[in-house]
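# Close look at the chain arrangement
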Amino acid sequence: VMKPKRLKKGDKVALISPSNPVKDRLEVVDLAIKNFEQQTGLEVVVGKNALGKYYYSSGTKQERLDDFHEAIANPEIKAVLFTVGGSVAIDMVEEIDYELVANNPKIISGISDGTTLLTPITKNTGLITFLGLEFLQYAEFDMDYQVESIRKAWFDGNMGKIKPNPNWKDFKGFHNEYNGWQTIQEGNAEGVITGGNATCFGYFLNTPFQPDLKDKILVLEGYKHPKREIHRILKEHKLRGAFDSIAGLILGYWVGADEQEVVGHERPFKELVVETIDRPELPILQVGEIGHHVANIMLPIGAKARFSADDKEFEILESITE
């Protein structure tokens, strides 16, 4: 396990776009940067190609790799943050300089397609990375819960017991039936955290980039999947062995799952999960502060944790920055 250096106010952090372009949302980006800097005390440095556009991505594969590698190599940059998700960060996975990352351990954080980079980085270097930063939300929404989680994770280095957000909501108003942390299957689990966006994590199952899943706490969340798609995703993960040897499963907020115009929306999430995973002894807890459209826990991928599905408790067991 390798822990990144913790941050202090005034530190410079790089903002890059390893997947989707944000060129059509420059005003949103500017406002998000302003609010993020004000709330965290950090200084955002925008990557050379972060605001570019190349068809459906922010730049060519090489341009995106260059932004990432330059941010990692620059000693003035103390963290690397991703603007948004998308679909093409997978371009970069085979050509990331993992030795460079290991020699310059710093905070790396994103969400959604960010999983596509965080997973192999943690797997190949041992560096704790952070799932949970949907950066452009800082332009529009009250992020107090997330800023507090950032302070504990990145500035203090210790998160301890995670508490639910008392003001939890889907920022973009998607209909949902979620009502706080839910026990899906009883039991307690302890292990190292892995996972992220279910679709992106699924890219790596049964490939050289798959983390060792034995005795891990696997975390999965999804973006705009109706119940039938969640059913397929979880069953596909099961067929590929994702649930065979894990110690426990945490499911985040699956935005869009309860949209009422979609056939089958009324199926209870718990029932769907229990059927598709089909491991009655596996502890499973749903935690709504992991996912899209919500204020997130800054979840440390690669860190030791425990949870009790019975008592709805979740705790990070070690320091995560140093």
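Please read these numbers as outputs of a predicted model, since none were measured by experiment.

### A short note on helix H4 (residues 115-125)
Summarising burial for H4: nine of the eleven residues are buried, a large majority. What H4 keeps buried is the set Thr-115, Thr-116, Leu-117, Leu-118, Thr-119, Pro-120, Ile-121, Thr-122 and Thr-125. Looking one or two residues beyond H4, the residue adopting positive phi is Gly-126, at roughly 85°.

### Details of the pattern of salt bridges
The final tally for this structure, using the stated rule, is 18 salt bridges. Of the charged contacts in the structure, one is a salt bridge between Asp-24 and Arg-25, with a shortest N-O distance of 3.5 Å. For Arg-25, a relative accessible area of 30% gives the class partly exposed. Measuring nitrogen to oxygen at the nearest pair gives 2.9 Å for the salt bridge that ties Arg-232 to Glu-236.

### Examining unusual backbone geometry
For Ser-112, which is not a glycine, the phi torsion comes out positive at approximately 60°. With respect to the helices, strands and loops of the structure, Ser-112 is situated in the loop between strand E4 (107-110) and H4. Residues other than glycine seldom take positive phi values, yet His-293 does so here, at roughly 70°.

### Remarks on the sheet that holds strand E3 (residues 77-82)
Taken in spatial order, the six strands of this open sheet run E2-E1-E3-E4-E5-E12, and their pairing is mixed. A strand with exactly one partner marks an edge of an open sheet, and here the two such strands are strand E2 (43-46) and strand E12 (299-301). On average, each strand axis in the sheet is inclined to that of its neighbour by 30°, with strand direction left out of account. Pairing of strand E5 (residues 129-131) with E12 involves three bridges; the strand directions are antiparallel. For Leu-131, the partnering residue across the bridge sits in E12 and is Leu-299. Its contacts with the sheet place helix H2 (residues 61-73) against strand E1 (12-16), E3 and E4, and it is angled at close to 155° to E3.

### Points about the environment of Phe-204
One can find Phe-204 in the loop between helix H6 (198-202) and strand E9 (217-221). Taking the C-alpha atoms as reference points, Phe-204 and Pro-75, 129 residues apart in sequence, are found 31 Å from one another. Setting aside chain neighbours within four positions, we find Phe-204 in contact with Val-93, Thr-115, Thr-116, Thr-119, Pro-120, Phe-209 and Gln-210.

### Overview of the pairing of strand E13 (residues 304-308)
Sheet analysis places strand E8 (residues 188-197) next to E13, joined by five bridges and oriented antiparallel. Bridged to Val-192 within E13 is Lys-304. Across four bridges, the pairing between E13 and strand E14 (residues 313-316) is antiparallel. Across the sheet, residue Ala-305 finds its bridge partner in E14, namely Ile-316. Here E13 hands over to E14 after four residues, with Lys-312 in that stretch at a positive phi of 55°.

### Observations regarding the packing of aromatic side chains
Evaluation of the coordinates by the stated rule reveals twelve aromatic pairs. The interplanar angle of 40° and the centroid separation of 6.0 Å between the aromatic rings of Phe-135 and Tyr-138 together place this pair among those described as tilted. As far as burial versus exposure is concerned, Phe-135 and Tyr-138 are alike and both buried. Aromatic side chains Tyr-178 and Tyr-253 sit 6.4 Å apart centroid to centroid with 55° between the ring planes, which places their arrangement in the tilted category.

Calculation criteria
- Residues numbered from 1 in each chain as written.
- Predicted model: local features only at pLDDT ≥ 70, side-chain atom pairs only at ≥ 80, totals over all residues.
- Heavy atoms only, no water.
- Buried < 20%, exposed > 50% of the residue type's maximum accessible area, 1.4 Å probe, protein only.
- Helix = DSSP H or I, 4+ residues; strand = E, 2+ residues; numbered from the N terminus.
- Salt bridge = Lys/Arg side-chain N within 4 Å of Asp/Glu carboxyl O.
- Pairing = 2+ DSSP bridges.
- Axes fitted to C-alpha atoms, helices over the stretch in contact; angles between N-to-C directions.
- Contact = heavy atoms within 4.5 Å.
- Phe/Tyr/Trp six-rings, centres within 6.5 Å; stacked < 30°, edge-to-face > 60°.

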